[in-house]
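So you can see what is in the structure, the chains are spelled out below.
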Amino acid sequence: MTTPVKPPSILNELCWIYGGAIVGLSWRMGVDHAFSLVYTDHTSGLFGSLMSNLLGCFLMGVLTQFKSDSFFVVNPDIYNGLSVGLLGSFTTFSSWMGAAGLSLWEYEGGNFFMIILVGLCTSFCGHIAGIAFVKLLSGGTSPRPEFLGSSNVQSRAWVVCLFIIVPWSVILAVIFGASFPTHHLYAFLCGPVGAIIRHKLGILNSSFDPNFPLWTFMPNIIGSVIWFGTNIVLLAVEQDTRLIVQSAIMVGFCGCFTTVSSLIQQIYSLNIPSALKYLLASILVTQILLAVVGAVAYETHIL
């Protein structure tokens, strides 16, 4: 008997993406704040982004193994809310590429390659570890038993722990253990907007070359350019305004508009030549455009 699928609802879809983005963004900000307590210089943001990408890609690896379960087949909006909204906003391509671009602009070639390579290795390893974790839970059987659509309460509990209890218990402890700056509220206003736009653009991927997800590629490129350009402009802005714009545009909108978890998941699903082309294009095109933005800023004496 075929499992009935709920008719699509735009409002329901947007609510799941919006809610997921709020949660993913709060996770990322919590991780960033945790690292800022340890590292007092600009490296805290870099380490925070790398850790968020690692954890987000791990959870994406876990989640993709449940996509065919009847629970998500019947409720695709929930799957999109978790994958596109939550994990897409928990991970960020713009901060990673922006940090690499700034290192290159400061003639720190060693740091540039380290940031790129460490980011790639941690994200790929996280995704593969997530897939392996689910296979370990299922006892290595093939096909994997249906977890969410069955009465397997133990497996459901593992998923709840992964996506809710463990992350929130750690991050909320950090957030409530320190003051919450009011300028962070601007990130929660703008972040979900970026996630919703990214989701709507991502739907267009099915209409283009399946070996090159153009509408994941484009938001990552555009968001990284906006992040980098905003970071340059803010150098000449007073601190109060800088914090608000940084939270709204760089942390919120660009952080949720760009994603590493979907990028790695798509690369993992492609054949090797297509995966290499997609990966190299994402990195090289972004860095070339960031260099152009930096050069224009230098020539116009913004820098």
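Owing to the predicted nature of the structure, the values given are computational and were not obtained by experimental measurement.

S.K.: Quick question: what am I supposed to make of the packing of aromatic side chains here?
M.R.: Given two aromatic rings, their pairing is described by the distance between the two centres and the angle made by the two planes. In this structure the tally under the stated criterion is 12 aromatic pairs. On the basis of an interplanar angle of 65 degrees and a centroid distance of 6.4 Å, the ring pair of tryptophan 105 and tyrosine 298 is categorised as edge-to-face. Of this pair, tryptophan 105 sits in helix α5 (residues 93–105) while tyrosine 298 sits in helix α12 (residues 272–299), and the two are 193 residues apart along the sequence. Note on tryptophan 105: relative accessible area 33%, which makes it partly exposed. Using a relative accessible area of 51% as the deciding quantity, one classes tyrosine 298 as exposed. With centroids separated by 5.3 Å and ring planes inclined at 70 degrees, the aromatic side chains of phenylalanine 212 and tyrosine 278 adopt a geometry described as edge-to-face. Here tyrosine 278 lies in helix α12 and phenylalanine 212 lies in the loop between α8 (185–202) and α9 (214–233), a separation of 66 residues in the sequence. By the burial criterion, phenylalanine 212 is buried, and tyrosine 278 matches it. Ring-pair connections join several aromatic residues into one group, and the members of that group are Phe71, Phe72 and Tyr79.

S.K.: Before we go on, may I ask you to explain the nonpolar core in this structure?
M.R.: A general trend in soluble globular proteins is that nonpolar side chains are found buried together. Counting 25 residues, the largest nonpolar core has Trp96, Ile116 and Tyr278 as the members making the most contacts within it. Counting only elements with at least two residues in this core, the list comes to α2 (43–64), α5, α6 (109–137), α9, α11 (261–269) and α12. Beyond its immediate chain neighbours, meaning those up to four positions away, isoleucine 116 contacts Trp96, Met97, Ala100 and Ile283. With 15 residues, the next largest nonpolar core counts Leu59, Ile78, Phe90 and Val134 among its residues.

S.K.: Looking at this structure, I do not really get the layout of surface pockets. What am I missing?
M.R.: With a probe scaled to a water molecule rolled over the atoms, the places where space remains empty come into view. Put simply, the second largest pocket is a space of about 560 Å³. Around the second largest pocket sit 19 residues that line it, and Lys67, Asn80, Val84, Gly202 and Gln266 are the ones nearest its centre. At the level of secondary structure, the elements contributing two or more residues to the lining of the second largest pocket comprise α2, α4 (76–90), α8, α9 and α11. Classifying every residue of the lining of the second largest pocket by side-chain character gives five nonpolar, 12 polar and two charged.

S.K.: Sorry if this is basic, but what is going on with the pattern of salt bridges here?
M.R.: Close approach of charged atoms allows side chains with opposite charge to pair. A full pass over the atoms with the stated rule returns one salt bridge. Between lysine 200 and glutamate 13 there is a salt bridge; the shortest N-O distance is 2.9 Å. Taken as a pair, lysine 200 in helix α8 and glutamate 13 in helix α1 (residues 10–36) lie far apart in primary sequence, 187 residues in all. Look at lysine 200 and you get partly exposed, because its relative accessible area is 35%.

Reading the values: rules and limits
Residues numbered from 1 in each chain as written. Predicted model: local features only at pLDDT ≥ 70, side-chain atom pairs only at ≥ 80, totals over all residues. Heavy atoms only, no water. Phe/Tyr/Trp six-rings, centres within 6.5 Å; stacked < 30°, edge-to-face > 60°. Helix = DSSP H or I, 4+ residues; strand = E, 2+ residues; numbered from the N terminus. Buried < 20%, exposed > 50% of the residue type's maximum accessible area, 1.4 Å probe, protein only. Core = buried A, V, L, I, M, F, W, Y, C linked by side-chain atoms within 4.5 Å. Contact = heavy atoms within 4.5 Å. 1 Å grid on protein atoms, 1.4 Å probe; cavity = no way out; pocket = protein on both sides within 12 Å on 5 of 7 lines; lining within 4 Å. Points joined across faces, edges and corners; volume = space filled by probe spheres on them. Nonpolar A, V, L, I, M, F, W, Y, C, P; charged D, E, K, R; others polar. Salt bridge = Lys/Arg side-chain N within 4 Å of Asp/Glu carboxyl O.

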